[in-house]
Amino acid sequence: MFTELPTPLGERVEFASAGWLKEVERFLSERADALPDAEFAFSMRLDNPPPHLHEGPEPFGFTVSLQRGAVAVSPTPSEAVDVHRRADYNAALPFAWTVHGGDDGIRARIQREYHLLASDRYPPTDAHPHLERRLAQTLADLHDHMARRTVNNPDVEHRIKHFGLTANVAELAERGYTVLPNAFSAEFADALRAETHRNHDANPPNAGFRATMLLKRGRVWEEAAVHPWVLTLADWLLGRGCLMYQSDTIVKGAGLDTHPGLHSDYAASMVAEPFPEFCLEATAVWAIDDFRGDAGPTCVLPGSHRKGRQVPAGTTQAGTSTLEMPSGSIAFWHGALWHGSTLRKAPGKRTSLHNAYSRNFVRPVERYEDIDADILNRNPPAFATLCGLDDAFGKSGEAGADFARLGYAAKAGYGRTALPQGPSRFG
Ligand SMILES: O=C(O)CCC(=O)C(=O)O
Ligand SMILES: [Fe+2]
């Protein structure tokens, strides 16, 4: 009933940590005999590592060398190697957690998308040294093997700082929403739009159809779910270990008014009033098409998340601001925020992806606990977390609760929120 994790919880490691390097060494040592002629060394220097991994002025990173059957792994970077790369730790991390599975298309897409997120924080370059076929295959296997066990940086505040999201979290606390411009490329928008329309076209247009359960509908949705900026805001607001609450798309045609009046996304969970001070659910809306002017953008009532109440029936959109943003932007709001959507007057369609995340103990609208093993196997641990597969809920057996999972959740800081949630509605 629960899909088995491709990598046991106890084998998960942080990027470039001692445990990560130990596994690199083990993996290569097992294969070194089959590569008796290989002579190759690569190194990575990682700037701005999280302080719990490294502090002090000495450079942080690693060097891996395979010389005629001998493997050596060192926890320091070196320039005396065949391939040397230097990157910001948080900018490099999503590259390290992406499973390629031998697909160069994925590799190219990830290069494009994650470079966009790290433009001024120097992400790694994709140098392609010419290597003997068996060595190249071993290194590709090593990459995927490590990606499947590489966890996100647990220091959410560190991620906020180094992704440049400090102003966004302040806005999220104060106003209840924020917009991330240039969060995905025009090419990725094209891919998402094509997939969305493929899912929607089988249904009558403008009939309110939303394609749901997207994590089971293809790789682009899987990549969207673990968008590094979105995961950072979600972890900050909802605590580590948050879940995918719902993943669906909307196609709004001319004349369509999908969300008249106002609502909060807490309505679906019928959250009791007054709402708790901490956030239970949050929504990321991807503008696959422009959200501008008469395109039918979302409207929000700034600061209304602090009312701590459901929206009374009949509430109008008076006093709201429209969330206007170009394609490639992602809006992210607190689930208690009062919002709606405006009538689309322009011709054509507004295509959007709505990825909602919830706290680890909240019961999501969608259920991914039985997701295909193949899907889990091509994704990082952060994806399995979103599917609800590494918590203890529902996993008690005849012998008792799943203490391994309970222990993992406690150790990984699940449910712990990084920062205070901004001005209290009671203060
Ligand atoms: O489509 C919109 O503009 C708003 C949709 C909405 O209310 C939501 O995703 O929570
Ligand atoms: Fe909503």
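Since the model is a prediction, treat every value here as computed from it, not as a measurement.

Next up on the list: the sheet that holds strand β3 (residues 61–67). One open sheet holds the 4 strands; their spatial order is β4-β3-β2-β5, and the pairing between them is mixed. A strand with exactly one partner marks an edge of an open sheet, and here the two such strands are β4 (70–74) and β5 (83–88). Averaged over neighbouring strand pairs, the angle between their axes works out to 10 degrees when direction is ignored. Bridge analysis of β3 against β4 gives 5 bridges, and the strand direction is antiparallel. Following the sheet pairing, T63 is matched in β4 by S74. Helix α1 (residues 18–32) contacts β3 and β4 of the sheet and is inclined by roughly 170 degrees relative to β4.

In this section: the sheet that holds strand β13 (residues 339–341). The sheet built from 3 strands is open, its strands ordered β11-β10-β13 with antiparallel pairing. Among the strands making up the open sheet, the edge pair consists of β11 (321–322) and β13. Pairing geometry for strand β10 (residues 298–300) and β11, over 2 bridges, is antiparallel. Paired with V300 across the two strands is S321, which belongs to β11.

We now examine the side chain of R159. Residue placement: R159 occurs in helix α5 (residues 156–163). A residue is classified by how much of its surface remains accessible, and R159, at 0% relative accessible area, is buried. Polar side-chain contacts of R159 include one of 2.7 Å to the backbone oxygen of N153. Looking at R159, its side chain comes within polar contact range of the side chain of T232, at 3.3 Å. Each residue touching R159, except ones within four places of it in the same chain, is listed here: N90, N152, N153, L231, T232, D235 and R240.

With that settled, consider the confidence of the model for the protein. Averaged over every residue, the pLDDT of the protein is 93; residues scoring 70 or more account for 95%. This model gives residues 419–427 a pLDDT under 50, and the stretch forms 24 contacts once residues within four places in sequence are excluded.

It is worth spelling out the pattern of salt bridges at this point. If the charged atoms of two oppositely charged side chains come close together, the side chains can form a pair. Using the criterion set out here, one finds 28 salt bridges in the structure. Close ionic contact of R193 with D289 constitutes a salt bridge, the shortest N to O distance being 2.7 Å. With R193 in helix α7 (residues 186–200) and D289 in the loop between β9 (281–287) and β10, this pair connects stretches of sequence that are 96 residues apart. Look at D289 and you get buried, because its relative accessible area is 14%. Overlapping salt bridges bring together E23, R26, E30 and R31 as one network.

Right, let's get into the environment of A34. Within the element layout of this structure, A34 appears in the loop between α1 and β2 (39–47). Residue A34 is classed as partly exposed on the basis of its relative accessible area of 45%. Along the backbone, A34 and D235 are 201 residues apart, and their C-alpha atoms lie at a distance of 42 Å.

Turning our attention to the site of ligand 1. Around ligand 1, the neighbouring residues are I250, H259, H263, D265, T283, V285, T298, W333, H339, S341, R350 and H354. One of the side-chain N or O atoms of H354 is found 2.6 Å from an oxygen atom in ligand 1. For ligand 1, the protein covers 96% of the area, taking 290 Å² as the surface of the free molecule. Elements supplying a minimum of two residues to the shell around ligand 1: β9, β13 and β14 (349–358).

A word on the packing of aromatic side chains. For the structure on display, the rule yields 11 aromatic pairs. Ring plane angle 90 degrees and centroid distance 6.5 Å describe the contact between F42 and F62, whose orientation is recorded as edge-to-face. Taken together, the residues F42 in strand β2 and F62 in strand β3 connect sequence positions 20 residues apart. Its relative accessible area of 2% is what places F62 among the buried residues. Plain terms: the ring middles of F188 and W286 are 6.2 Å apart, the flat faces sit at 50 degrees to each other, and that makes the pair tilted. Highlighted residues: F188 in helix α7 and W286 in strand β9, separated in sequence by 98 residues. The same class applies to F188 as to W286, namely buried.

Reading the values: rules and limits
Residues numbered from 1 in each chain as written. Chains lettered and ligands numbered in written order. Predicted model: local features only at pLDDT ≥ 70, side-chain atom pairs only at ≥ 80, totals over all residues. Heavy atoms only, no water. Pairing = 2+ DSSP bridges. Helix = DSSP H or I, 4+ residues; strand = E, 2+ residues; numbered from the N terminus. Axes fitted to C-alpha atoms, helices over the stretch in contact; angles between N-to-C directions. Contact = heavy atoms within 4.5 Å. Buried < 20%, exposed > 50% of the residue type's maximum accessible area, 1.4 Å probe, protein only. Polar contact = N/O pair within 3.5 Å; in protein donor to acceptor, adjacent residues only side chain to side chain. pLDDT = per-residue confidence, 0-100. Salt bridge = Lys/Arg side-chain N within 4 Å of Asp/Glu carboxyl O. Near = heavy atom within 4 Å. Areas by Shrake-Rupley, 256 points an atom, 1.4 Å probe, with all protein chains shown as cover. Phe/Tyr/Trp six-rings, centres within 6.5 Å; stacked < 30°, edge-to-face > 60°.

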